[in-house]
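# Close look at the chain arrangement
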Amino acid sequence: MIKPLISVVMGSKSDWDVMQHAVAILDEFSIAYETKVVSAHRTPDLMFQFAEEAKPRGIKCIIAGAGGAAHLPGMMAAKTTVPVLGVPVNSKHLQGLDSLLSIVQMPKGIPVATFAIGEAGAANAGLFAVELLAISNSELSAQLDEYRKKQTEAVLSAELPA
């Protein structure tokens, strides 16, 4: 089994609908990852242990998605120096605005890179993780350049109905 470089964690299984978009990007670039449900509120000891062990296990980045109170990304960041990418998951009553504010409003000294609410945020967190790894991996950097080139070509070749 290939050792994971990226951890994709979420506060509950229901967050998978959003977080699968981060995983799809990692799959597209053949990045080894792991996925796990780790709740900041229901399994705090597991969350602390997971965050503390990330760096020694060789994890280069944690993509953490959470909804509502959304403390998972920030609490993970408080327990590790591995970069944490926060994905606000859409919530029932406030459509993810509560999640976004919970993740983005971190105190000075505990950074969490925060992305858009929902699917776009998860996909962009996956791409950002690829960019982090590509800094020291020329093959991955070339793949990323090709990905961007294909995006540009898709826009330029798009035809609209007359």
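Look above for the structure.
Model, not experiment: these values are computed from the prediction.

## Overview of the sheet that holds strand β4 (residues 84–89)
Pairing is parallel in the open sheet, where five strands are placed in the order β2-β1-β3-β4-β5. In this open sheet, the two edge strands, each paired with only one partner strand, are β2 (33–37) and β5 (113–114). In this sheet, β4 lies alongside strand β3 (residues 61–67) in parallel orientation, the contact comprising six bridges. By the bridge assignment for β4, G67 is matched with V89. In the packing of helix α2 (residues 44–54) onto the sheet, the strands contacted are β1 (6–10), β2 and β3, and the crossing angle to β2 comes to about 165°.

## Some details on the layout of surface pockets
Quantified by volume, the largest pocket comes out at close to 190 Å³. When the residues that make up the lining of the largest pocket are grouped by side-chain class, the tally is five nonpolar, seven polar and two charged.

What counts, and at which threshold
- Residues numbered from 1 in each chain as written.
- Predicted model: local features only at pLDDT ≥ 70, side-chain atom pairs only at ≥ 80, totals over all residues.
- Heavy atoms only, no water.
- Pairing = 2+ DSSP bridges.
- Helix = DSSP H or I, 4+ residues; strand = E, 2+ residues; numbered from the N terminus.
- Contact = heavy atoms within 4.5 Å.
- Axes fitted to C-alpha atoms, helices over the stretch in contact; angles between N-to-C directions.
- 1 Å grid on protein atoms, 1.4 Å probe; cavity = no way out; pocket = protein on both sides within 12 Å on 5 of 7 lines; lining within 4 Å.
- Points joined across faces, edges and corners; volume = space filled by probe spheres on them.
- Nonpolar A, V, L, I, M, F, W, Y, C, P; charged D, E, K, R; others polar.

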